[in-house]
Amino acid sequence: MHPRPPAPPGLRRRSLLRGLAGAGTLAALPALGGCSSSDPNTVTLTSNRANAAQRAAMQDIVGLFEAESGRTVEINTFDSTSFQESVNNYLQGTPDDVIAWFAGYRTRFFAERGLISDVSAVWEGLDGAFTDQVRDLCSAPDGKQYMVPDSTAPWAVFHRRSLFEENGYEAPATRAEFVELCERMRRDGLEPIASGVREGWPAMGMFDHLNLRLNGPGFHLELLDGQHSWDSPEVRAVFGAWAELLPHHQADPLGRGINEAQTALVRREAGMMLCGMFLTHVFPEGEDLDDLDCFPFPEFDAEIGADAVEAPIDGFMASGTLRNPEGAHALLAHFGTREAEEVYTAVDPQALPLRLDADTSGFSPLEAKVNDMVVNAGALTQYMDRDSRPDFASIVMIPALQRFLSRPDDIADLTASIQRQKLSIFGQ
Amino acid sequence: MATPGTTEAPPSAPPTRDRERPPRRGGTSLRHGRRDRISLALMLGVPAFLVVGLVWLPAAATVLLSFTRWDGIGGPETIEWVGTQNYTDAFTLYPPFGPALRNNVVWLVFLFAVPTVLGMFFAVLLDRELRGGPVYQSVFYLPVVLSLALTGFIWQLIYSSDQGLLNAFLALVSDAPAVDWFGDPDINLYAVLVAAGWKHTGYIMLLYLAGLKAVDPSLREAAAIDGAGSVRTFTSVVFPALVPINVVVVVVTVIDALRAFDLVWIINRGRNGLELISALVTSNVIGEASRVGFGSALAVIMLAFSLVFIAIYVSTVLRGAQR
């Protein structure tokens, strides 16, 4: 009806500015422009790994590359959240050659839009280094690879070993044992499950795990891909099981940040917490970190089992227009080497290497346990906001999950509302 | 300037000079005219260009984009025209939209009802040259100066449910259970409004203080001689004299209410009871969601909302100018 472009592309950003009263976040965008250089010996790298440990680890592996190849790498590090918010614009501008990002839907989406380039040439040298599943998570539907994976920070139920020993608790394997343990902890004056979802996204973890255990990873991934109705008995069963566990969560989770919930676990006020390995950042190194233990989220249905692991995979991709293709591919190949992955994961406490031949002898007992979970996993998932459309995950699901947490009693109405919005977003 | 000169040219002037003049006069007026025209063009053109380029075109683009579905990736050919779908969706199946509209109105009403009145009250008190006046003045004004990140942090320390100052205090004086200030969707808006009011009060106080200093003291003396008390003096004499300030305060307050965004964004990204249109626009457009079309529709609704107040303001100002 109206095919004429509404405005030259340059006005887009300003048009948003006009619409937004407080678009302070936009100020961060131009800064992401990065500086360009066409020196064949320089490779530019954008990293969203901004914690102190992560920065140090990046420096280490990039230093290795520089020493080996004689090339120089310019690292531009951005805060992870703000980079995530501006990545669409960033990739359409003049991005750096190599960009740290997430595997799964997130990579596929950019590959389909032509914003990143094929790195299957690099994968030829990585044959057999990763499981087929990891390879699939780095591939687009065209069968080509668009990401070189390096590490993962899996999810599990974390707890303090000493607390479990003092009270004689045992890691639960089934739903009944899990509920029983929660009740016992409550009698002992503990908050069984630490919970802080003020930021919204941490609520997705519980939904993911319940759905994986009740309906299986196949259904879970298809559901997030928009292939099933959300207003279905399967999804309502997930919310039903969650409602049953809610009394065992820390009360009022919506006002509590995830950091505050983690602190409750550190302080022995809470017994357990479903969280990613990034939890290790809040446990002081030494006695406290050594005391941290975990078990897989328990089985809810014997037929489905408990071997699906939520293991968000991080890696590196090549931008759509490479200024230095040779250097970028060399750097990507380096990130895929066993040496680089071992060095990186030794420094960053949350990261486990993905290479099958990585040396595990230096692992702490916790790392060894989580690594076994990943290696023996029946299926790997990435986390709701990495397995689904970002607009659906953040615009529909976060408010929906928050509504569930404040009003857990009208599940049918909630799932119907999610389904209506899903249809409008997935456009079916 | 030259025109009156020509009409009033002495009739006695010799025709030759008169004939000589026109070309010279023409020359000068042309030179002036060109310079005038250039400076006029610059003085009007540059601001007009900026206003059109930075305000009107983007606003028009936003309106156009609001009828489309677009994820912000790729050129204009990837934009899909969907008619009024986005507006229908916003009103019928986007759950945060209703609360956001309501919260924006509550925000506006609250800012007028509490911080504006309070700010005026502080200004009147400080205008009486109390001892330590400048100290109070800086104390009340301090929140306005504090950076946004700091404001968010301060109120987080106060409202945090486990470790917050307020709950610790409440636990000391009563046995009531801890209040979930940020998480309970029934109360978190009001908790945040207190924080917003904390910032707004100082601003309004300063505006009124400046206005009060400018009120002619003889007005008050006259009122006092006529036997008016201090309340009567303020309501019947001083306040009406503050009309220009009142207009500014109304405008500032409306703008503050419409652009309210930062505090809720810092606390929970404008969700779960803290929905505001501005936050919804941001979460839809900025970030990976990139629902440019839908976000633009929300922005247009907000624009329409603001236009009501802009129209009222402009008509008031124009009426004032005519008087």
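The structure under discussion appears in the preceding block.
Residues numbered from 1 in each chain as written. Chains lettered and ligands numbered in written order. Predicted model: local features only at pLDDT ≥ 70, side-chain atom pairs only at ≥ 80, totals over all residues. Heavy atoms only, no water.

Points about unusual backbone geometry
Part 1 of the reasoning: Phi is positive for Arg268(A), close to 65 degrees, though the residue is something other than glycine.
Part 2 of the reasoning: When you line up the elements, Arg268(A) lands in the loop between α12 (258-266) and β8 (270-276).
Part 3 of the reasoning: Although it is not a glycine, Asn272(B) sits at a positive phi angle of roughly 50 degrees.
Part 4 of the reasoning: Within the secondary structure, Asn272(B) is located in the loop between α12 (262-268) and α13 (277-285).
Part 5 of the reasoning: Given a relative accessible area of 8%, Asn272(B) falls into the buried group. (Helix = DSSP H or I, 4+ residues; strand = E, 2+ residues; numbered from the N terminus. Buried < 20%, exposed > 50% of the residue type's maximum accessible area, 1.4 Å probe, protein only.)

A look at the nonpolar core
The nonpolar side chains of a soluble globular protein tend to be buried with one another.
Residue and element names in this part refer to chain A.
Part 1 of the reasoning: By size, the foremost hydrophobic cluster in this structure holds 79 residues, and its most contacted members are Leu45, Leu91, Val98, Phe110, Phe158, Phe335 and Leu380.
Part 2 of the reasoning: Discounting chain neighbours no more than four positions away, the residues touching phenylalanine 158 are Leu265, Gly271, Met272, Met273, Cys275, Gly276, Met277, Leu279, Leu292, Asp293, Cys294 and Leu366.
Part 3 of the reasoning: Residues Trp155, Val179, Ala203 and Leu414 belong to the second largest nonpolar core, which totals 52 residues. (Core = buried A, V, L, I, M, F, W, Y, C linked by side-chain atoms within 4.5 Å. Contact = heavy atoms within 4.5 Å.)

What about a negative patch on the surface?
All names here are of chain A.
Part 1 of the reasoning: On the surface, a cluster of negative charge is contributed by Glu170, Glu177, Glu180 and Glu183.
Part 2 of the reasoning: You can see glutamate 177 is positioned in helix α9 (residues 175-187).
Part 3 of the reasoning: Under the relative-accessibility criterion, glutamate 177 is labelled partly exposed at 39%. (Patch = residues over 30% accessible without salt bridge, like charges linked within 9 Å, V, L, I, M, F, W, Y side chains within 5 Å. Areas by Shrake-Rupley, 256 points an atom, 1.4 Å probe, with all protein chains shown as cover. Salt bridge = Lys/Arg side-chain N within 4 Å of Asp/Glu carboxyl O. Lys, Arg positive; Asp, Glu negative; His and termini not counted. Charge placed at Lys NZ, Arg CZ, Asp CG, Glu CD.)

Thoughts on the environment of Glu80(B)
Residues and elements named next belong to chain B.
Part 1 of the reasoning: Tracing the backbone shows glutamate 80 in strand β2 (residues 80-81).
Part 2 of the reasoning: What makes glutamate 80 partly exposed here is its relative accessible area of 42%.
Part 3 of the reasoning: Glutamate 80 sits 37 residues away from valine 117 along the chain, and the two C-alpha atoms are 48 Å apart.
Part 4 of the reasoning: In this structure glutamate 80 touches Phe67, Thr68 and Arg69, once residues within four positions along its chain are discounted.

Section: the interface of chain B and chain A
Accessible area lost on assembly of the parts is the figure often given for the size of an interface.
Part 1 of the reasoning: Facing 57 residues of chain B, the contacting portion of chain A comprises 53 residues.
Part 2 of the reasoning: Of the roughly 4800 Å² buried where chain B meets chain A, counting both sides, 59% is carbon and sulfur surface.
Part 3 of the reasoning: Of all residues in chain B, Ile73(B), Arg271(B) and Glu288(B) bury the most surface against chain A, accounting for 16% of the area lost on that side.
Part 4 of the reasoning: On the surface where chain B and chain A come into contact, there are 2 salt bridges.
Part 5 of the reasoning: Its salt-bridge partner being Asp71(B), residue Arg113(A) comes within 2.5 Å of it at the nearest N-O pair.
Part 6 of the reasoning: Those elements that provide at least two residues to the side of chain B that touches chain A are α2 (15-65), α3 (85-93), α12, α13 and α14 (292-322) of chain B.
Part 7 of the reasoning: Broken down by element, the residue count for the side of chain B that touches chain A peaks at 10 residues, all from α2(B).
Part 8 of the reasoning: Of the residues contributing to the side of chain B that touches chain A, the split by class is 30 nonpolar, 17 polar and 10 charged. (Buried area = accessible area lost by both parts, 1.4 Å probe. Nonpolar A, V, L, I, M, F, W, Y, C, P; charged D, E, K, R; others polar.)

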